[in-house]
Amino acid sequence: MALLDIEDIHTFYGGIEALKGISVTVEEGEVVTLIGANGAGKSTTLRSISGLTPPRTGSINFDGHEISDTPPQDIVKLGISQAPEGRRIFPRMTVRENLELGAFLRSDDSIESDIRRVFDLFPRLEERERQKAGTMSGGEQQMLAIGRALMSNPKLLLLDEPSMGLAPVLVERIYETVAEINRQGTTILLVEQNANYALEVSSRGYVLETGTVTMTAPSSSLRENPDVQRAYLGA
Amino acid sequence: MATARPVGARNPVAETTHAIRERIRSDRRLAWALALVVLVLVILLPYAFDPASPFVDHCVTALAYVVMALGLNIVVGFAGLLDLGYVAFFAIGAYTAGWFASAFFATVNGGKGIHILTGTLAGAQPGIHLNFILVLIVAVILTAIAGILIGLPTLRLRGDYIAIVTLAFGEIVRVVAVNGQSIHLGGTNTLTAGRQGITPIDSPELPGMSAFSPLDLRPWYFTALVLVLIVVFVNFRLRDSRLGRAWIAIREDEIAAASMGVPLVKTKLMAYATGAGFGGIAGAFLASYLNTVNADQFEFSFSIFVLAMIILGGIGNIVGVMVGAIVLSFVNVWLIPDVLHDVPSKLGLNFDLTELSFGIFGFLLVIMMVLRPEGLIPERRRQIELTEGVGTDEALFEVRS
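Residues numbered from 1 in each chain as written. Chains lettered and ligands numbered in written order. Predicted model: local features only at pLDDT ≥ 70, side-chain atom pairs only at ≥ 80, totals over all residues. Heavy atoms only, no water.

Engineer: What's the story with the overall build of chain B in this structure? I'm lost.
Structural biologist: Within chain B, the secondary structure is distributed over 17 helices and two strands. The C-alpha radius of gyration computed for chain B amounts to 22 Å, which stays within 12% of the reference 21 Å derived for 401 residues, consistent with globular compactness. Considering chain B as a whole, with its 401 residues, one finds that 49% of them fall into the buried category. Put simply, of all contacts in chain B between residues at least 6 apart along the chain, 72% involve residues at least 24 apart. Put simply, chain B shows about 18700 Å² of open surface, and 68% of that area lies on carbon and sulfur atoms. Averaging the positions of the 26 positive and the 28 negative side-chain charges in chain B gives two centres separated by 9 Å. (Helix = DSSP H or I, 4+ residues; strand = E, 2+ residues; numbered from the N terminus. Rg over C-alpha atoms; globule rule 2.2 N^0.38 Å. Buried < 20%, exposed > 50% of the residue type's maximum accessible area, 1.4 Å probe, protein only. Contact = heavy atoms within 4.5 Å. Areas by Shrake-Rupley, 256 points an atom, 1.4 Å probe, with all protein chains shown as cover. Lys, Arg positive; Asp, Glu negative; His and termini not counted. Charge placed at Lys NZ, Arg CZ, Asp CG, Glu CD.)

Engineer: Any chance you could explain the pattern of salt bridges here in plain terms?
Structural biologist: Between side chains of opposite charge, pairing is possible as soon as their charged atoms come close. The full count for this structure, using the stated rule, is 28 salt bridges over all chains. A salt bridge links A:Arg96 to A:Glu100, with the nearest nitrogen and oxygen atoms 3.5 Å apart. With A:Arg96 and A:Glu100 both in helix α3 (residues 95-102) and four residues apart, the pair spans about one turn of that helix. According to the relative accessible area criterion, A:Glu100 is partly exposed, its value standing at 27%. In this structure, B:Glu379 and B:Arg251 form a salt bridge, with 3.3 Å as the shortest nitrogen-oxygen distance. Taken together, the positions of B:Glu379 in the loop between α15 (357-371) and α16 (380-388) and B:Arg251 in helix α9 (residues 242-252) put the pair 128 residues apart, joining distant regions of the chain. Like B:Arg251, B:Glu379 is buried. Three or more residues are tied together by salt bridges with common partners; here these are A:Arg96, A:Glu100, A:Glu112, A:Glu129 and A:Arg130. (Salt bridge = Lys/Arg side-chain N within 4 Å of Asp/Glu carboxyl O.)

Engineer: What is the right way to read the pairing of strand β1 (residues 4-13) of chain A from this model?
Structural biologist: Taken residue by residue, a regular strand's side chains alternate between the two faces of the sheet. Residues and elements named next belong to chain A. Bridge count for β1 against strand β2 (residues 16-26) is eight bridges, and the pairing is antiparallel. Across the sheet, residue isoleucine 9 finds its bridge partner in β2, namely isoleucine 22. Counted between consecutive antiparallel strands, the loop separating β1 from β2 contains two residues, among which glycine 14 sits at a positive phi close to 60°. In terms of strand pairing, β1 meets strand β4 (residues 57-62) through five bridges, oriented antiparallel. Following the sheet pairing, aspartate 5 is matched in β4 by asparagine 61. (Pairing = 2+ DSSP bridges.)

Engineer: I would appreciate a short explanation of the interface of chain B and chain A in the present structure.
Structural biologist: Quite often, the size of an interface is put as the accessible area lost when its parts meet. Listed as interface residues are 28 residues of chain B and, on the opposing side, 30 residues of chain A. When chain B packs against chain A, the two sides together hide about 2800 Å² of surface, and 61% of this comes from carbon and sulfur. Joining chain B to chain A, the criterion identifies two salt bridges. A salt bridge links A:Arg92 to B:Glu252, with the shortest nitrogen-to-oxygen separation between them at 3.3 Å. The tally of links between chain B and chain A comes to three residue pairs in polar contact (both at pLDDT 80 or more). Secondary-structure elements contributing two or more residues to the side of chain B that touches chain A are α9, α10 (254-259), α16 and α17 (392-400) of chain B. For the side of chain B that touches chain A, the element with the most residues is α9(B), which contributes six residues. Taken together, the residues that form the side of chain B that touches chain A break down as 15 nonpolar, four polar and nine charged. (Buried area = accessible area lost by both parts, 1.4 Å probe. Polar contact = N/O pair within 3.5 Å; in protein donor to acceptor, adjacent residues only side chain to side chain. Nonpolar A, V, L, I, M, F, W, Y, C, P; charged D, E, K, R; others polar.)

Engineer: Sorry, what's going on with the pairing of strand β8 (residues 187-192) of chain A here?
Structural biologist: Residue and element names in this part refer to chain A. Of all six residues that make up β8, six are buried, and the element is covered over most of its length. Where burial is concerned, the two faces of β8 agree: the one with Thr187, Leu189 and Val191 and the one with Ile188, Leu190 and Glu192 are both buried. Taken together, the five bridges between strand β7 (residues 156-160) and β8 define a ladder with parallel strand orientation. Considered in β8, the bridge of leucine 157 is made with isoleucine 188. The parallel pair β7 and β8, bridged by helix α7 (residues 168-183), forms a crossover whose chirality is right-handed. (Right-handed = clockwise from strand over helix to strand, strands pointing away.)

Engineer: Before we go on, may I ask you to explain the environment of B:Ala276 in this structure?
Structural biologist: All names here are of chain B. Its location among the elements puts alanine 276 in helix α11 (residues 264-290). Once the C-alpha coordinates of alanine 276 and leucine 72 are considered, the two residues, 204 residues apart in sequence, prove to be 7.5 Å apart. Not counting residues within four places of it along the chain, the set of residues in contact with alanine 276 comprises Tyr86, Phe89, Thr143, Ala144 and Gly147.

Engineer: Is there a simple way to explain the side chain of A:Asn98 in this structure?
Structural biologist: Position of A:Asn98 among the secondary structure elements: in helix α3. By relative accessible area, which is 0% here, A:Asn98 ends up buried.

Engineer: How do you make sense of the sheet that holds strand β10 (residues 212-218) of chain A when you look at a structure like this?
Structural biologist: Strand pairing within a sheet occurs via backbone hydrogen bonds; the two strands may be parallel or antiparallel. All names here are of chain A. One open sheet accounts for six strands, arranged β6-β7-β8-β3-β9-β10; its pairing is mixed. Of all strands in the sheet, those bounded by a partner on one side alone are β6 (80-83) and β10. Recorded for the sheet is a direction-independent mean angle of 20° between the axes of neighbouring strands. Those strands touched by α7 are β3 (31-36), β7 and β8, and its axis lies near 155° from that of β8. (Axes fitted to C-alpha atoms, helices over the stretch in contact; angles between N-to-C directions.)

Engineer: What exactly am I supposed to notice about the packing of helix α1 (residues 12-26) of chain B against helix α2 (residues 28-44) of chain B here?
Structural biologist: Residue and element names in this part refer to chain B. Running from amino to carboxyl end, α1 crosses α2 at an angle of 105°, the nearest separation of the two axes being 5 Å. Classed by the angle they form, the pair α1 and α2 counts as roughly perpendicular. Along its contact with α1, which presents Arg23, Ile24 and Ser26, the element α2 presents Arg28, Leu30, Ala31 and Leu34. Taken together, the residues that form the contact of α1 with α2 break down as four nonpolar, one polar and two charged. (Parallel < 35°, antiparallel > 145°, perpendicular 65-115°, else oblique.)

So, in structure tokens, the structure goes:
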């Protein structure tokens, strides 16, 4: 059974149906990406999984638990963690305080060693450990958002547009680290507009358009697909 | 204000105070020593005055306001939920004393009354009479429940909308208090005594302390001081606890906090409940001290008065909030009515300055917003926001550009 199995979810913002029956599966150890234009429902899918905007109908099964009705904090406890869209770090807290909040639900004694692990992944964060997060550059804030999400020790990491607003060289650095996090054993569901990088790092991809899945295939074949190239790869 | 000058730049006074603050912050022993000196002075203070002097009276009131301001600070300062109906908890705390420490319910138990651990003074009267400590505990419980009830409908709201809903609840409580005479609880008992007020309220009778009376205010003073110390201790412990961090996370960014697994409902309700509980303690104490519970005490302006204390002192900063409460309290009960009251008549104007109290508070707040928007003793995070231009909005803006 897949680690994450989303079946036919419909999610609404008030009366507006943002997801019109999305089905996605993620196997353990995979990197899966959702690509699509603005308003396609990529972020809403992630918010549905993490419980911030629960779906009205449909099922989300994670690691043997039905979570479409579960409050966000219990979903984090089960092992799903999200680096939300727009990073949303706590600007007036230090880098360390941000990371500690990422471990909010944990009380074990390996929190310190996990902060160490984040610092190894993002050495820049260690240099800025005592700095207020809001004073850092966009790239550093993105590193912090990912690091903070890792602090809950998730089985599944949800990344929402990690390349947003970053210089190309930084995007590359972030994606190298995303691949490294996956090699260390974390399954990743990645949402991107920047389809180039997303399809490179992932094994499978889903194309979303106005709340439905229009295509799903291994990332390598999506990269070759002329429609995808025209719409999302700028070819 | 994003380009406000850095802390203390070209301002020798601010520079010095900033240096002193940094010194105290970095040296815990110095901080403790200072706290101890202040405590000793505060304990000795009433002995320098006549036991029934107006100054001691003002101090007792100020201490009760400190408790209240620290409670509101948890809701507004720590958790960032703008509560404009805080007077509701003052009212409920005060009525707890009115109900459970007076002869108000004269017919209970066949007119013999109910007495639990009361001393000789209250022991013979009809009505319900609980020991003062029990009254405080009941006040905390009732106000905490009220805090949760008022908090529940605001859970899905943000910012200004929370303010409006809480404001409405404050008014509801006041209107119920005013009209409580028409709410019958069986027999001749009514919910409140409306504008007539419930009076007298039992004075505390505590072992090891001399009699609480209007002629010797020292027992009142020390009781209030103990309450302040308890509330300050709880405030510091909460601030540095997991719950305290959850409050700050919610204040900084609710969505991000939820993503990290901070349970929004529970955390917000805890803020409302603890904040309300402190308001209830202060309310029960003040009812007992003023010897009356009168529906006219619970005007909306009182909520603003307490809010002004924490804004003046420095929202979120425990020491700052205490200073703000003491300063505004003295402005209210001493500076305006005793010192400046005849200024208008000297100028040939025909009104009493106390009628302008809230105008003066408003003016003070405006001056503060211009000169020192972060408060007298700011909390660090807010100071950063105001002086270095680091805020949530800016961070998000950067992402979306």
